[in-house]
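Reading the structure
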Protein chains: 2
Amino acid sequence: MILHDFLPSGNGYKIRLLLTLLGKSFDLVEHDITKGETRTPEFLSRINANGKIPALEFDHGRVLVESNAILIHLAEGTPYLPTDVWERTEVMQWLFFEQYDHEPTIAVLRSWVGIKGMPEHADIFVPMKRAGAKKALDLMEKRLSGHNWLVGDALTIADISLYAYTHVAEEGDIDLSIYPGILAWLDRIAALPGYVPITWKP
Amino acid sequence: MILHDFLPSGNGYKIRLLLTLLGKSFDLVEHDITKGETRTPEFLSRINANGKIPALEFDHGRVLVESNAILIHLAEGTPYLPTDVWERTEVMQWLFFEQYDHEPTIAVLRSWVGIKGMPEHADIFVPMKRAGAKKALDLMEKRLSGHNWLVGDALTIADISLYAYTHVAEEGDIDLSIYPGILAWLDRIAALPGYVPITWKP
């Protein structure tokens with residue numbers, strides 16, 4: 001398998017972390033999104049018409065996109081995606097929450113503060129994103145203040161997905177110290193056997 | 001089952017349409033999101049801590065949230081969610097695309113133009129949302145110009161999910177006439193036996 005990715009990307013890191021926890025080997029091909037390398041005609045036609053990483057290319061040529069869809073694909077049949085129908089749906093709920101409420105605020109702030117630089121009209125956008133980020137983290141804290149994991153009593157791809165941008169939220173000047181449940185959960189994940197940091201590559 | 005919903009919501013309509021196609025009966029409880037009715041203490045504590053509709057309440061008290069997670073839950077074991085592992089993943093890809101690229105642009109424009117009214121700084125936000133909407137529709141057209149359905153050769157929840165806000169995109173002053181593949185697909189869905197319009201309620 002070839003993972004088309006950009007190392008600072010949390011969306012890419014979700015896949016790197018799950019593949020490593022599953023003990024699956026893969027190659028990494030890096031595409032610098034800050035230089036438009038996912039918007040070349042070749043990338044758009046062969047890898048992802050939506051011009052984004054991560055994309056997971058299989059030996060038979062098939063390419064999967066959308067980080068959370070890739071997580072579901074890889075986790076099916078493993079302990080990271082429960083078989084219980086209600087727990088599965090809870091996992092899905094968190095995955096859609098991640099793409100709608102969490103990534104567009106927390107990942108975007110990190111990108112502006114630490115990667116791409118501030119956008120035009122930052123005075124309008126940044127407070128709006130900070131309010132959204134707070135709402136998303138409040139909702140996670142509500143769960144994690146009373147539970148070790150987002151779903152059930154074991155790690156699932158819901159945790160992996162939400163870990164990716166939460167654990168680097170402070171790079172977007174988001175203060176996590178007011179969220180003890182989230183902080184303990186971050187430590188719990190970083191202590192997993194086989195854990196690799198976001199800077200790691202195969 | 002009780003569907004907590006707001007009739008103009010495309011996210012809610014996804015569930016209404018799938019339940020009807022599946023021949024499942026349900027009750028509808030309406031909550032006017034323009035009046036803050038999903039942000040009351042009672043709604044937040046009993047129905048959805050994230051303050052959103054749709055939410056599907058089962059007789060035993062369990063409540064499901066996130067429209068696309070509810071679609072997956074209801075479609076599992078039906079023809080609307082394929083058993084083939086690659087087709088399943090394609091469905092998931094479209095569902096995450098819907099929540100990340102499509103709903104935040106196309107549904108939001110419709111809400112501003114037709115439901116809630118323009119936001120502050122509309123001169124900045126609207127062109128940005130229009131560019132995002134065009135990108136999302138271009139990607140759908142790329143698939144639908146050569147295929148009847150988004151995944152495989154039959155209707156899936158990917159079609160139901162993306163139909164919801166696409167078929168009312170013109171309420172957000174989005175011109176669909178330049179997308180013949182999308183228009184033919186919209187007609188195909190509206191002609192399904194058991195189809196109900198967004199204004200229908202049980």
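Because the structure is predicted, anything quoted here is derived from the model rather than measured.

**Concerning the domain arrangement of chain A**
Residues and elements named next belong to chain A. Parsing chain A into structural domains produces domain 1 (2–75) and domain 2 (85–190). When each unit is reduced to the centre of its C-alpha atoms, the spacing between domain 1 and domain 2 is 21 Å. At the interface, 17 residues of domain 1 touch 16 residues of domain 2. Of the roughly 1300 Å² buried between domain 1 and domain 2 on both sides combined, carbon and sulfur atoms contribute 70%. Considering only the surface of domain 1 that becomes buried against domain 2, Lys14, Asn68 and Ile72 emerge as the three largest contributors, covering 31% of it. Here domain 1 is connected to domain 2 by one salt bridge. With its nearest N and O atoms 2.9 Å apart, the salt bridge here joins Glu98 to Lys14. At the junction of domain 1 with domain 2, the criterion picks out eight residue pairs in polar contact (both at pLDDT 80 or more). When residues of the side of domain 1 that touches domain 2 are traced back to their parent elements, those giving at least two are helix 1 (10–21) and helix 3 (67–75). If you tally residues by element for the side of domain 1 that touches domain 2, the top one is helix 1, at seven residues. Taken together, the residues of the side of domain 1 that touches domain 2 sort by class into nine nonpolar, six polar and two charged.

**Examining the pattern of salt bridges**
Where charged atoms from two side chains of opposite charge approach closely, those side chains can pair. Evaluated as defined, the whole model comprises 20 salt bridges over all chains. Residue Glu171 of chain B pairs with Arg110 of chain B through a salt bridge whose shortest N-O separation is 2.8 Å. Here Glu171 of chain B is found in the loop between helix 6 (157–166) and helix 7 (180–190), whereas its partner Arg110 of chain B is found in helix 4 (residues 85–115), with 61 residues between them in sequence. Several salt bridges share partner residues, and in doing so they unite Glu42, Arg46 and Glu57 of chain A into one network.

**Some details on the sheet that holds strand 4 (residues 63–65) of chain A**
All names here are of chain A. One open sheet accounts for four strands, arranged 2-1-3-4; its pairing is mixed. For this open sheet the edge positions go to strand 2 (27–30) and strand 4, each flanked by a neighbour on one side alone. Ignoring which end each strand starts from, the neighbouring axes of this sheet average 20 degrees apart.

**A look at the packing of aromatic side chains**
For the coordinates displayed, the defined rule picks out 16 aromatic pairs over all chains. Pairing Phe96 of chain A with Phe96 of chain B gives two aromatic rings, centres 4.2 Å apart and planes at 15 degrees, and the pair type is stacked. With Phe96 of chain A in helix 4 (residues 85–115) and Phe96 of chain B in helix 4, this residue pair bridges two chains. Across the pair, Phe96 of chain B and Phe96 of chain A agree in class, each one buried. Ring centres of Tyr13 of chain B and Tyr163 of chain B lie 6.3 Å apart, and the angle between their planes is 45 degrees; on these two criteria the pair is classed as tilted. Highlighted residues: Tyr13 of chain B in helix 1 (residues 10–21) and Tyr163 of chain B in helix 6, separated in sequence by 150 residues. As far as the burial class goes, Tyr13 of chain B and Tyr163 of chain B line up, both buried. Members of the aromatic cluster, connected to one another through ring pairs, are Tyr13, Tyr163, Trp185 and Tyr195 of chain A.

**Here we look at the relation of the copies chain A and chain B**
Mapping chain A onto chain B calls for a rotation angle of 180 degrees and an axial translation of 0.0 Å; the resulting RMSD is 0.0 Å. In short, the pair behaves as if placed about a two-fold rotation axis. Closest approach to the rotation axis within chain A is made by the C-alpha atom of Tyr100 of chain A, at a distance of 3.0 Å. The residues that chain A uses at the interface reappear at the interface of chain B in 100% of cases, marking a shared surface.

Rules of the game
- Residues numbered from 1 in each chain as written.
- Chains lettered and ligands numbered in written order.
- Predicted model: local features only at pLDDT ≥ 70, side-chain atom pairs only at ≥ 80, totals over all residues.
- Heavy atoms only, no water.
- Domains from an automatic or database assignment.
- Contact = heavy atoms within 4.5 Å.
- Buried area = accessible area lost by both parts, 1.4 Å probe.
- Salt bridge = Lys/Arg side-chain N within 4 Å of Asp/Glu carboxyl O.
- Polar contact = N/O pair within 3.5 Å; in protein donor to acceptor, adjacent residues only side chain to side chain.
- Helix = DSSP H or I, 4+ residues; strand = E, 2+ residues; numbered from the N terminus.
- Nonpolar A, V, L, I, M, F, W, Y, C, P; charged D, E, K, R; others polar.
- Pairing = 2+ DSSP bridges.
- Axes fitted to C-alpha atoms, helices over the stretch in contact; angles between N-to-C directions.
- Phe/Tyr/Trp six-rings, centres within 6.5 Å; stacked < 30°, edge-to-face > 60°.
- Buried < 20%, exposed > 50% of the residue type's maximum accessible area, 1.4 Å probe, protein only.
- Least-squares fit on C-alpha atoms with pLDDT ≥ 70 in both.

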